[in-house]
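What follows is each chain in one-letter form.
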Amino acid sequence: MARYGMVIDTKKCVGCMDCVVACKTENNVPEGHNRDWIVTVVNGKFPSVNLEIQSQRCNHCDNTPCVACCPTGASHIHEVGNVVLVEHNMCIGCKACLAACPYDARFINPEGYADKCTFCIHRVEKGELPACVSVCPTHCMYFGDLDDPNSEVSKLISSRKNHQLIPEAGTSPRIFYLT
Amino acid sequence: MNSISRRKFLKISGFTIGAAAAVSTLSPMIKGANKFNKEKVKGIQKIPTYCDLCFWKCGAVAYLKDGELWKIEGNPEDPLSKGRLCPRGSGGIGAHSDPDRLRSPLIRTRNRGEEIWKEVTWDEALDYIAEKMNKIKTEYGPEAVAFFAHGIGGTFLKHTLNAYGTQNFAAPSFAQCRGPRDVGFELTFGEAIGSPERTDIENSKCLVLLGSHLGENMHNSQVQEFANAVQKDAAIIVVDPRFSVAASKAKYYLAIKPGTDIALLLAWMNVIVSEKLYDVDYINKFGFGFEQFAAEISQYTPEWAYPETGIDPELIRTTARVMSQYKPATLIHPGRHTTWYGDDSQRSRAVALLNALMGSWGRKGGFFFPTKFAVPGYPYPAYPEPIKPKVDNPDKKYPFASEEITTGIRDATITGKPYPIKSWFVYATNLIHALPNEDETIKAIQNLDLMVVVDVIPSEIAGWADVVLPESVYLERYDELHSSPFKEQFLGIRQPVIDAPGDQKPNWWIAKKLAEKLGLGNYYPWNNIEEYLDFRLKKIGLSLDELKKKGIVHGNKAPIYFEDGIAPEFGTPSGKIEFYSPQLAAAGFDPVPKYKRPDQPPAGYFRLLFGRAPVHTFSRTQSNRILMDMMEENEVWVNADIANRYGLKNAQHIRLKNQDGVVSNKIKVKITERIRTDCVYMVHGFGHNSKMLKSAFGKGASDAQLVTKYVTDPLMGGTGMNVNFVTFEMEA
Ligand code: SF4
Ligand code: SF4
Ligand code: SF4
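Note that this is a predicted model, so its numbers are computed, not measured. As a convention, each chain's residues are numbered from 1 in the sequence order in which they are written. Throughout, the order in which chains and ligands are written sets their labels, letters from A for the former and numbers from 1 for the latter. For this predicted model, a pLDDT threshold of at least 70 governs which residues receive local features, and a threshold of 80 or more governs which side-chain atom pairs are given and counted, while totals over whole chains, interfaces and linings are taken from all residues. Computation of side-chain values: all heavy atoms of the structure, hydrogens and water removed.

Caption draft 1: Structural view of the overall build of chain A. Helix numbers and strand numbers start at the N terminus; a helix is a DSSP run of H or I with at least 4 residues, a strand a run of E with at least 2. Counting secondary structure elements, chain A contains six helices and ten strands. The globule rule used here is 2.2 Å times the number of residues to the 0.38 power, and the radius of gyration it is set against is calculated over C-alpha atoms. Relative to a compact globule of 179 residues, whose C-alpha radius of gyration would be 16 Å, chain A shows 16 Å and is just as compact. Viewed in the frame of its principal axes, chain A has a C-alpha envelope of about 50 × 40 × 30 Å. We call two residues contacting when some pair of their heavy atoms lies within 4.5 Å. Here the analysis covers contacts within chain A between residues at least 6 apart in sequence; of these, 56% occur between residues at least 24 apart.

Structure (structure tokens):
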């Protein structure tokens, strides 16, 4: 079974938000909300400054506090690629998962259910890349199976310096940022 | 880019994407083209077109789901987008569903600028315009009508106005943007840079950016090639008073003092000439006046440049050597928006000369020779012979202007000299934000007998019109064929994907109807644009049906570098690359660029710099709900030490006041280590005050409003706008 993850090259990312826009139209994300977003980390003192731009979204963690806390079983691990999903019909909008997620990746859709990045599983199951990955004009995002040592993502993680977000939360996030 | 979490977004109720109903009163002329939409075809339909969120014109594919607009992707066949649009292009459906769009023709009922209108029919609006135009022609002659336009959509209106008898057309893209750049290169190599830029970034081994903030400035092909160069580990050198995104990708960042670029360029050339690091063969073969140039440049040592630029002489030397190491694949990017200080065409000449030293013109990794898909024009009757010369540049006041000067037309409209201008047609360019000094623009408008604006949104300039004509957005219309000069030949089509939501019309329809009302119907021998396009396409063995299906067709292979067969010819008077320019000397200008220190901000004031964000184009996308969700207001970037000194808090709202006492809208403070202490920065295009533009109204501040001062480039009439200084007004 695959275990999907993402690798994002912060050296190439320009923070253009195309990934955010593409997600919005692909997934019809309602106005005022987004499933992915850009964070710019600035270090140093002018003119010796360092910038890291991160395209962030649900990390589809291996250890999922959001699934563990869900009272209805709506938040679950999908059998394809271990992607973390929410079954809209079962969700009661109690916001427990919103509080549990260390990445602030979830929001309540105006229709009442917890919403977040799905790794575009509807596309991936058809053999396409997630919308954000396929639109990125700098080609800085990669998607694939972390369990396959020959996948592009696995190779990038083993060959390039990288980090995850808030690893200390212990969720074992599956998005890796190349630096 | 600001760090944004989705939590920060305000909820704006009552509108969801995709819910914009496609109810329309289509004219018989475009009915049929949109049938699929009316019947709400089930399932997915893909329709190729080309983007209009900026002027780059990327090939795109629009997706309809059950007859509703769903998303837009890049067309993989398109050499400009290579299948990936920029964020604005990806958010293009927001242009269709923008609730603030103009919906019906409007005629002003109160004073100009009060924005009080009555809705009228197209017949009423066009009759009104035609009657006024006929009167103007009788009283002042047809040249009294001027046309300002931006983008390919202005083609047909220009045709109608040409037929009417005027040639007074200008676009802010020259005197307010790339004009100085193109003139500097014309004076040196005999050719302009053009658009899209002829820069071969993806093959550059060394790329130098002066103020160009690629990545924030989102010209698609440029950014894609830039990312490629980053991946290939090109030596990137960024010169900018602000630590741009591009600076964060650079090997060398030069935090230059604003306005001193010419000093840096002269010092670089000094190092390269004195250390003999230039391309000797290339200059021997193609150079003119190199000895005089070299003699003059010898005085500009890095030590001389240091107090001006603030850049360490050793860093100047190192970067000059790095450039030379990779020549001729060293590209000193000519930039695009280059109207900064009023000596901009001379700065651009210095950029051109530095490239000449690298031998990069005509070489791989430098400047390529663009090739273009040729399609014969439509055989129209000849236009009437102009009686009066163009109004914008009387007696060649600006001898090297190679295009028309917007502000020249504005001056003529104010003074009535060399002859009166009595009508403005404005197509898709918000002159209030595009031209410096809003007061002069408004003063000129007050002298008009007829002011017409054709646009998709109610921009500020529309607020000053007598008649506003609502255009359909690109997803709802056909347009002129697209073939840009680029690395390869291609031809693209724009075609309607969905119905217009109101009484909007495509520009070709507006132009044709107006021509008919003016008795100039013979200039439109075709009945509708399909006929026009098909006629032209048949001439080259294609058909409209075929191009509609493919979206893009490719042309012949053609050489684009000297090394693969382009003849090294230069359109200068000497036929060579002019290091020393006799024509500049003859006209009384510096034959080799000289540096002059720009005015400095008084104590307590900061130089106002402005630029681009990747999610917006000029002042025309702020009401697009998708793009607004990405960025709904701009911020003023203030250095952390300065903020500290003035007690500014991050995200606090302040106002900016300029040297002439003009006070901006409220704007959020962004405290940052990413900018020098002597300047502040904001993204252009915000701070709308058009009442009809409800969603963008009052969000952020307009740099244009603060640009009351400008310095005109004596060579070509460009308006240098980075010469304004602002201070902080702490009131919330
Ligand atoms: S689209 Fe790509 S370059 Fe742009 S912000 Fe997203 S990840 Fe970065
Ligand atoms: S993977 Fe799909 S759902 Fe997730 S952020 Fe990217 S586009 Fe959005
Ligand atoms: S650069 Fe972006 S906005 Fe401009 S035409 Fe291309 S996709 Fe559209």
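The discussion continues.
Caption draft 2: Region of interest: the site of ligand 2. Residues are labelled near a given molecule or strand when at least one of their non-hydrogen atoms is within 4 Å of it. Of all residues adjacent to ligand 2, which total 13 residues, the nearest are C23, R57, C117, C120 and C132 of chain A. In terms of residue class, the shell around ligand 2 is built from eight nonpolar, two polar and three charged. Gly is put with the polar residues, along with every residue not named as nonpolar or charged; the nonpolar set is Ala, Val, Leu, Ile, Met, Phe, Trp, Tyr, Cys and Pro, and the charged set is Asp, Glu, Lys and Arg.

Caption draft 3: Molecular detail of the side chain of R3 of chain A. Residues and elements named next belong to chain A. For R3, the position within the fold is in the segment before β1 (4-9). Whenever two N or O atoms come within 3.5 Å, that pair is a polar contact, provided that in protein one can donate a hydrogen and the other can accept it, and provided that, for residues adjacent in sequence, both atoms are side-chain atoms. One polar contact links R3 to D62, side chain to side chain, over a distance of 2.7 Å. Within polar-contact distance, the side chain of R3 engages the side chain of D147 at 2.8 Å.

Caption draft 4: Region of interest: the nonpolar core. Counting residues in each nonpolar core, the largest one holds 82 residues, and the members touching the most others are Y4, M6, F119 and M141 of chain A together with L69, I72 and L475 of chain B. Aside from chain neighbours lying at most four places away, what touches Y4 of chain A is V80, G81, V83, F119, I121, V124, F143, G144, D145, L146 and R174 of chain A. We call a set of buried residues a nonpolar core when its members are Ala, Val, Leu, Ile, Met, Phe, Trp, Tyr or Cys and they connect through side-chain atoms within 4.5 Å of each other. With a 1.4 Å probe rolled over the protein chains alone, any residue whose accessible area is under 20% of its type maximum counts as buried; one over 50% counts as exposed, and the rest are partly exposed. Counting residues in hydrophobic clusters, the runner-up holds 75 residues, among them A235, I237, W268 and F367 of chain B.

Caption draft 5: Main features of the interface of chain A and chain B. Contacts between the two partners involve 47 residues from chain A, matched on the other side by 52 residues from chain B. Summed over both partners, the accessible area lost on bringing two parts together, with a 1.4 Å probe, is the buried area. Three residues, T25, E31 and F46 of chain A, lead the burial of chain A against chain B; their summed loss comes to 19% of the area buried on that side. We note a salt bridge from E31 of chain A to R625 of chain B, for which the minimum N-O separation is 3.3 Å. The element that contributes the greatest number of residues to the side of chain A that touches chain B is strand β2 (residues 37-45) of chain A, accounting for seven residues. Salt bridges are counted wherever a side-chain nitrogen of Lys or Arg sits within 4 Å of a carboxyl oxygen of Asp or Glu.

Caption draft 6: Quick look at the site of ligand 3. Neighbouring ligand 3 are C51, L53, C54, W56, K57, C58, L85, C86, R88, G89, M218 and N220 of chain B. Considering only residue class, the shell around ligand 3 consists of eight nonpolar, two polar and two charged.

Caption draft 7: Quick look at the sheet that holds strand β7 (residues 169-170) of chain B. At least two DSSP bridges between two strands are required for those strands to pair. The strand order β5-β4-β15-β14-β13-β6-β7 (chain B) describes an open sheet built from seven strands, whose pairing is mixed. The sheet terminates laterally at β5 (117-119) and β7 of chain B, the two strands that pair on one side only.

Caption draft 8: Inspection of the environment of S690 of chain B at higher detail. Residue and element names in this part refer to chain B. For S690, the location among the structural elements is in the loop between β23 (679-683) and α24 (703-706). Here the alpha-carbon distance between S690 and D344, two residues 346 residues apart in the chain, equals 32 Å. Not counting the four nearest positions on each side in its chain, S690 is found in contact with E115, P458, S459, E460 and F697.

Caption draft 9: Spotlight on unusual backbone geometry. In this structure, the amide linkage connecting K327 of chain B to the following residue, P328 of chain B, adopts the cis form with an omega of 5°. Mapped onto the fold, P328 of chain B is located in the loop between α13 (313-325) and β12 (330-332). The residue N28 of chain A is not glycine, and still its phi comes out positive at about 50°. Along the polypeptide, N28 of chain A turns up in the loop between α1 (18-26) and β2. Residue N28 of chain A is classed as partly exposed on the basis of its relative accessible area of 47%. With a phi close to 55°, K276 of chain B is a non-glycine residue in the positive phi region.

Caption draft 10: Looking closely at the pattern of salt bridges. For the structure shown, the criterion picks out 58 salt bridges over all chains. Here K24 of chain A and D629 of chain B are joined by a salt bridge, their closest N and O atoms 2.6 Å apart. In this pair, K24 of chain A sits in helix α1 while D629 of chain B sits in helix α22 (residues 625-630), so the two residues belong to two different chains. Three or more residues joined by partner-sharing salt bridges are found here, namely D52, E471, R477, D479, R494 and R620 of chain B.

Caption draft 11: View of the pairing of strand β15 (residues 467-470) of chain B. Residue and element names in this part refer to chain B. Neither face of β15 is exposed, since V467 and L469 on one face and V468 and P470 on the opposite face are all buried. Of the strand pairs in this sheet, strand β4 (residues 106-108) and β15 are connected by two bridges, and their pairing is antiparallel. Considered in β15, the bridge of L106 is made with V468. The pairing of strand β14 (residues 450-455) with β15 spans four bridges and is parallel. Bridge pairing links D455 to P470 in β15.

Caption draft 12: Fine view of the sheet that holds β1 of chain A. Residue and element names in this part refer to chain A. Ordered in space as β8-β1-β10-β9, the four strands form an open sheet in which the pairing is mixed. The outermost strands of the open sheet, each flanked by one partner alone, are β8 (141-145) and β9 (162-163). Relative to strand β10 (residues 175-178), β9 is paired through two bridges, and the arrangement is antiparallel. Across the sheet, N162 pairs through a bridge with L178, a residue of β10. With respect to the sheet, helix α6 (residues 152-159) is in contact with β1, β8, β9 and β10, its orientation differing from that of β8 by roughly 110°. For helices, the fitted line uses only the C-alpha atoms of the stretch in contact; every axis is such a line through C-alpha atoms, and the angle between N-to-C directions lies from 0 to 180 degrees.

Caption draft 13: Inspection of helix α7 (residues 220-231) of chain B at higher detail. All names here are of chain B. With twelve residues, α7 should reach 16 Å at 1.5 Å per residue; the first-to-last C-alpha distance of 17 Å fits that figure. Across the twelve residues that make up α7, a large majority, ten, are buried. Those residues of α7 that fall on the buried side of the exposure criterion are N220, S221, Q222, V223, Q224, E225, F226, A227, A229 and V230. Against the buried residues of α7 lie β8 (206-210), β9 (235-239) and α8 (245-248). Phi for D233, located one or two positions after α7, is positive at around 65°. The span expected for a helix works out to 1.5 Å for each residue beyond the first.

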